[in-house]
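One-letter residues, chain by chain:
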Amino acid sequence: MTFGQALDVAAASSPRVDAREATTAGARRTAVAADQLPDPKLDLNFNDVRLTQAERDPPFPNTYIRQTVGVRQDIPNAKKRHARAERASADIVAAEAGEAVATRNVRIGAALAWIDLYYAERRLDILKKLAVQIDDLTQTIGARLTSGSATAAQAFDPQILKAQLSDRQSERQAAIDKARAQLIRWTGVADPEIAGQAPSPAIDAERLRAGVATLPDLRAADASIAQSEADIALARAQKNPDISVTASLARRQPQFGTFASVGVSIDLPLFAKKRQDPRIDASVRAAQAARLDRADAERAALGALSSDLADHRMYREKFEHARDLIVPLSRQRALAAQDSYAAGRIDLGSALSETVALANAEIDLLDREAALERDAVRIMLVNTGDVR
């Protein structure tokens, strides 16, 4: 599994991303009905059912029950329906932003797990190489003991060193297993194996700063503002009257025939100061809070980016120091020590010490490279969604 494949598989198979996609799909379906009229209502009435006998009946008493069948349609005002449609559209944008955030976080998790596994395996390779070098150095210990150029106590140094090396290999193997477990967690692949090389993304600070406004978190904040503004419009629309239209048929005595009725009901928002105005004011304040939250989120994003860029410069400088100075010098010392040991000028312990020091320097270089790679990949995925 290459680095790019790990990110693609993680995004395509993540339950978290699937959940956000379902939320977005639900928001889109809800928007279809947002500005539709309410369902009509059917009225069935049986009126004028006599319950008691009158003291004096009229000459022609009416003993028939009036039967009425009608339909009522509530019609919210146009501003209210438009505000509901705007709120539904803002809900879709908010859901899409949440989906983008989830996808980004899953890709970051998979990317860091892949990098951790990649470098954990390389660290173990260095220790395996060190074990071979120790064996090569100790092949002459028997002859040196026979010739008296090495003491009996020095014969135990390689065994002790190999035991310590075995402990370090166990630690590195555990690190590999943990990194693989994290990669399984993000990709769902049962037993992933690393393929290819780690990415080396180029960090363009100016381009990253210019793209802060498009971050998924800020898009979510923008959607929150749009939702609040739609709520303001909806609250203000409450001041406009809604109407209800009714139509009905009524029948009492057969000789009188069937009667039709049509009516209109109109809301009267007469007490706006105590009903609609407080809701409008609350919505306005909520929108103001959303704008302030968005401004704070942008500041936080810019601050986090500046901090990340400062750390990235530090990681790069530390990596370059180890690559250009520490490891080459350690390699020269180790080679010189091996030559001196072969010439009989130093003992085995000193030669082994320099060989181990070289391995430690190479592992330290890998640690610095891994920190640089993790940091660069995280910065690019957080701020652009990609590592190119």
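In what follows, the structure referred to is the one given above.
Counting restarts for each chain: residues are numbered from 1 in the order of the written sequence. Where local features are concerned, this predicted model is filtered to residues with pLDDT of at least 70; where side-chain atom pairs are given and counted, the filter is 80 or more; whole-chain, interface and lining totals use all residues. Hydrogens are left out, water is left out, and the side-chain values use all remaining heavy atoms of the structure.

Our focus in this paragraph is empty space enclosed by the protein. A 1.4 Å probe that fits but cannot get out identifies a cavity on a 1 Å grid over protein atoms alone, an open set with protein on both sides within 12 Å along at least five of seven lines counts as a pocket, and a residue lines either if it has an atom within 4 Å of a point. Grid points are joined across faces, edges and corners, and a volume is the space filled by probe spheres set on the points. The tally for this structure, following the rule as stated, stands at one cavity of 30 Å³ or more. Reported here for the largest cavity is a volume of approximately 30 Å³. If you trace the largest cavity, you find it lined by Ile126, Lys129, Leu130, Gln133, Ala359 and Glu362. Secondary-structure elements contributing two or more residues to the lining of the largest cavity are helix H3 (78-137) and helix H9 (348-384). Starting at the N terminus, helices and strands are each numbered in turn, a helix being any DSSP run of H or I of at least four residues and a strand any DSSP run of E of at least two. In terms of residue count, H3 provides more of the lining of the largest cavity than any other element does, four residues in total.

Note on placement: glutamate 369 falls in helix H9. Pairs of residues are marked as contacts when any of their non-hydrogen atoms sit within 4.5 Å. Each residue touching glutamate 369, except ones within four places of it in the same chain, is listed here: Tyr119, Arg122 and Phe319.

Before going further, it helps to spend a moment on the packing of aromatic side chains. Stacked, edge-to-face and tilted labels apply to pairs of Phe, Tyr and Trp rings (six-membered ring for Trp) whose centres lie within 6.5 Å, assigned for plane angles under 30 degrees, over 60, and everything in between, in that order. Across all of its chains, the model carries three aromatic pairs by this definition. With a centroid separation of 5.5 Å and an interplanar angle of 80°, the aromatic rings of phenylalanine 3 and tryptophan 114 are classed as edge-to-face. One end of the pair, phenylalanine 3, is in helix H1 (residues 3-13); the other, tryptophan 114, is in helix H3, and 111 residues separate them in sequence. Neither phenylalanine 3 nor tryptophan 114 differs from the other in exposure class; each is buried. Seen from their ring centres, tryptophan 114 and tyrosine 118 are 5.3 Å apart, and the 10° between their planes marks the pair as stacked. Here tryptophan 114 and its partner tyrosine 118 are both found in helix H3, four residues apart, which amounts to about one turn of the helix. One exposure class covers both tryptophan 114 and tyrosine 118, and it is buried. Each residue is placed in one exposure class: buried if its accessible area under a 1.4 Å probe, protein chains only, is under 20% of its type's maximum, exposed if it is over 50%, and partly exposed if it falls in between.

As a further point, take the packing of helix H8 (residues 276-342) against H9. Helix axes are fitted only over the stretch in contact, all axes being lines through C-alpha atoms; the angle between N-to-C directions runs from 0 to 180 degrees. Interaxial distance between H8 and H9 falls to 8 Å at its minimum, and their mutual angle equals 160°. Taken together, the axes of H8 and H9 are roughly antiparallel relative to one another. Crossing geometry of H8 relative to H9 is assigned as left-handed. Grouping the constituent residues of the contact of H8 with H9 by class yields 19 nonpolar, six polar and 14 charged. Should an angle lie under 35 degrees it is considered roughly parallel, over 145 roughly antiparallel, and from 65 to 115 roughly perpendicular; all remaining angles are considered oblique. Left-handed describes a crossing whose near helix is turned anticlockwise from the far helix by less than a right angle; the clockwise case is right-handed. For this classification, Asp, Glu, Lys and Arg are treated as charged, while Ala, Val, Leu, Ile, Met, Phe, Trp, Tyr, Cys and Pro are nonpolar and the rest, including Gly, are polar.

Our focus in this paragraph is the sheet that holds strand E4 (residues 258-266). Across the sheet, which stays open at both edges, the four strands sit in the order E1-E2-E3-E4 with antiparallel pairing between neighbours. With partners counted over all chains shown, the strands left at the sheet margins are strand E1 (41-47) and E4, one partner each. The sheet shows a mean angle of 20° between the axes of neighbouring strands, direction not considered. A pair of strands is labelled paired if DSSP reports no fewer than 2 bridges between them. Pairing of E1 with strand E2 (residues 66-75), which is carried by seven bridges, proceeds in the antiparallel orientation. Opposite lysine 41, over in E2, you have arginine 72 as the bridge partner.

Before going further, it helps to examine the nonpolar core. Most often, soluble globular proteins keep nonpolar side chains buried together rather than apart. Ranked by size, the top nonpolar core spans 45 residues in total, and within it Phe3, Trp114, Tyr119, Leu183, Val377 and Leu381 carry the most contacts. Elements supplying a minimum of two residues to this core: H1, H3, helix H5 (157-187) and H9. Throughout this description, the term nonpolar core refers to a set of buried Ala, Val, Leu, Ile, Met, Phe, Trp, Tyr and Cys residues connected via side-chain atoms within 4.5 Å. Of all hydrophobic cores here, the second largest spans nine residues; its members include Ala301, Leu305, Ile379 and Met380.

In short, geometric facts, not functional conclusions.
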